[in-house]
Amino acid sequence: MEILNYAFMQRALIAALIVGVTAPAIGIYLVQRRQALMGDGIGHVALTGVGLGFLLNTSPVWVATAVAIAGSVVMELIRWYGKTRGDLALAMLFYGGMAGGVMLMSLSDAGSNANLGTYLFGSITTVSPQDMTTIYVLAALVLAITIGLRRQLFAVCQDEEFARVTGLPVRLLNLLVAVTAAVTVTVAMRVVGLLLVSALMVIPVAAAQQISRSFAVTFSVAVAIGVAVTLTGTTTSYYVDVPSGATIVLFAIGLFVIFTGLAAPLAKKRARAAAEASKGCTLEVPGDRSATDDVSVAR
């Protein structure tokens with residue numbers, strides 16, 4: 001294939017594959033916790049890290065990772081202690097992160113509106129070998145946590161009170177989910193952009209939930225969808241010359257619509273199967289039953 005003859009497209013496809021796996025892997029826990037937009041908020045905060053990286057003339061990805069982790073920790077603290085003012089504090093954190101990133105980018109010598117756009121909306125064809133090293137390291141960390149601790153994370157995201165009763169460190173695990181989400185945001189920002197990364201975390205999971213009822217199947221299907229849309233979107237963006245991030249997200253939404261259409265027929269099929277199974281479980285009373293077998297209730 002012509003697309004594989006170019007080193008930058010080889011890096012782009014590998015990065016897309018990695019992001020297609022890692023984003024739904026952490027996204028399933030965010031959806032379970034009803035924090036589907038957390039990735040979007042972290043993306044706003046990470047933009048300050050990108051601007052700071054350009055201002056300090058160092059790696060924007062690593063600085064964005066550090067700032068995003070710090071922001072995710074603050075978000076969790078606000079969630080624990082914010083109470084009624086928590087939503088206002090989070091809003092200020094998100095908007096402040098966006099404004100700080102734009103300001104720092106404009107103050108740096110290396111920064112420009114073009115650089116800002118590549119991080120906001122993704123520019124997968126500009127992924128450098130140094131970026132690939134960062135992506136490998138961070139992606140390995142994300143997968144080690146999301147797969148290695150899947151039972152504990154699922155228990156906490158499903159029911160915090162039950163997890164606390166069983167002796168799990170609920171707050172520590174919640175913090176771990178937030179930090180892992182922050183790392184995933186910085187892994188994916190070169191592929192889909194900081195403003196669209198939350199979509200890649202949530203939409204594949206939402207699509208998988210339409211046709212599956214177990215956590216393991218949902219996890220596997222969501223990852224498969226993530227890989228499919230990132231690779232397809234990256235290839236399409238190369239041949240059609242359109243932004244990779246927007247293309248990937250639109251493909252994900254398209255699959256969600258298709259899976260939603262398949263959900264109703266699958267539900268009817270499962271209902272018929274359950275009805276057929278229940279017919280085979282009827283209890284028949286033996287014809288030779290004696291009167292002494294009857295159970296009477298004393299009044």
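In this report, the structure presented in the accompanying data block is examined. Only a predicted model underlies this, so the values are computations on that prediction, with no experimental measurement involved. (Residues numbered from 1 in each chain as written. Predicted model: local features only at pLDDT ≥ 70, side-chain atom pairs only at ≥ 80, totals over all residues. Heavy atoms only, no water.)

Okay, the overall build of the protein next. Looking only at helices and strands, the protein has 12 helices and 0 strands in total. The order of helices and strands in the protein, counted from the N terminus, is α-α-α-α-α-α-α-α-α-α-α-α. Counting the 299 residues in the protein, one finds 43% classified as buried. Counted over contacts in the protein with a minimum sequence separation of 6, partners at least 24 positions apart contribute 76%. Accessible surface, the protein: about 15300 Å² in total, of which carbon and sulfur atoms supply 65%. (Helix = DSSP H or I, 4+ residues; strand = E, 2+ residues; numbered from the N terminus. Buried < 20%, exposed > 50% of the residue type's maximum accessible area, 1.4 Å probe, protein only. Contact = heavy atoms within 4.5 Å. Areas by Shrake-Rupley, 256 points an atom, 1.4 Å probe, with all protein chains shown as cover.)

The next subject is the pattern of salt bridges. Opposite charge on two side chains permits pairing when their charged atoms draw close. Under the criterion given, the structure shown has 2 salt bridges. Between Arg 33 and Glu 76 there is a salt bridge, with its nearest N and O atoms 3.1 Å apart. One end of the pair, Arg 33, is in the loop between helix H1 (7-32) and helix H2 (38-55); the other, Glu 76, is in helix H3 (residues 60-81), and 43 residues separate them in sequence. A salt bridge links Arg 164 to Glu 161, with the shortest nitrogen-to-oxygen separation between them at 3.1 Å. (Salt bridge = Lys/Arg side-chain N within 4 Å of Asp/Glu carboxyl O.)

This next bit is on the side chain of Thr 234. When you line up the elements, Thr 234 lands in helix H11 (residues 215-240). On the basis of relative accessible area, Thr 234 is assigned to the buried category, the value being 0%.

Here we come to the packing of aromatic side chains. Tallied over the full model, the rule gives 4 aromatic pairs. When the centroid spacing of 4.9 Å and the interplanar angle of 80° are considered together, the rings of Tyr 238 and Tyr 239 count as edge-to-face. Grouped by ring-pair contacts, the aromatic residues Tyr 29, Phe 154, Phe 215 and Phe 219 constitute a single cluster. (Phe/Tyr/Trp six-rings, centres within 6.5 Å; stacked < 30°, edge-to-face > 60°.)

Okay, a nonpolar patch on the surface next. The grouping of Ile 14, Trp 62, Tyr 136 and Val 137 at the surface amounts to a nonpolar patch, some 380 Å² of accessible area in total. By the element assignment, Trp 62 lies in helix H3. (Patch = residues over 30% accessible without salt bridge, like charges linked within 9 Å, V, L, I, M, F, W, Y side chains within 5 Å.)

Their axes nearest at 5 Å, the elements helix H6 (residues 129-148) and helix H7 (residues 150-158) cross at an angle of 70°. Overall, the two elements H6 and H7 adopt an arrangement that is roughly perpendicular. Where H6 abuts H7, its residues Ile 145, Thr 146, Ile 147 and Gly 148 lie against Arg 150, Gln 152 and Leu 153. Split into classes, the residues belonging to the contact of H6 with H7 amount to 3 nonpolar, 3 polar and 1 charged. (Axes fitted to C-alpha atoms, helices over the stretch in contact; angles between N-to-C directions. Parallel < 35°, antiparallel > 145°, perpendicular 65-115°, else oblique. Nonpolar A, V, L, I, M, F, W, Y, C, P; charged D, E, K, R; others polar.)

In this section: the environment of Asn 174. Within the element layout of this structure, Asn 174 appears in helix H9 (residues 170-188). Taking the C-alpha atoms as reference points, Asn 174 and Cys 157, 17 residues apart in sequence, are found 8.0 Å from one another. Residues within four places of Asn 174 in sequence aside, it is in contact with Arg 33, Glu 76, Arg 79, Val 156 and Glu 160.

A few words on the side chain of Thr 180. Examined against the element boundaries, Thr 180 turns out to sit in helix H9. Assessed through its relative accessible area of 3%, Thr 180 is described here as buried. In this structure the side chain of Thr 180 is engaged in a polar contact, spanning 2.6 Å, whose partner is the backbone oxygen of Leu 176. (Polar contact = N/O pair within 3.5 Å; in protein donor to acceptor, adjacent residues only side chain to side chain.)

Looking now at unusual backbone geometry. Its identity as a non-glycine residue notwithstanding, Asn 57 has a phi of 60°, on the positive side. Here Asn 57 is to be found in the loop between H2 and H3. Since its relative accessible area comes to 68%, Asn 57 is described here as exposed. At Asp 241, a position not held by glycine, the phi torsion is positive, near 60°. Looking at where Asp 241 falls in the secondary structure, it is placed in the loop between H11 and helix H12 (244-279). In this structure Asp 241 comes out as exposed when scored by relative accessible area, which is 69%.

Quick look at the environment of Ile 258 now. Along the polypeptide, Ile 258 turns up in helix H12. Between the C-alpha atom of Ile 258 and that of Ala 207, which follows or precedes it by 51 residues, the distance is 8.4 Å.

The next point concerns the packing of H2 against H9. Relative orientation of the contacting elements H2 and H9 amounts to 60°, with a least axis distance of 9 Å. Here H2 lies oblique to H9, going by the angle between them. As H2 packs across H9, the resulting crossing turns out to be right-handed. Between H2, through Met 38, Gly 39, Ile 42, Gly 43 and Ala 46, and H9, the contact on the second element is made entirely by Ala 178, Ala 181, Ala 182 and Val 185. A breakdown of the residues in the contact of H2 with H9 according to their chemical character gives 7 nonpolar, 2 polar and no charged. (Left-handed = near helix turned anticlockwise from the far one by under 90°.)

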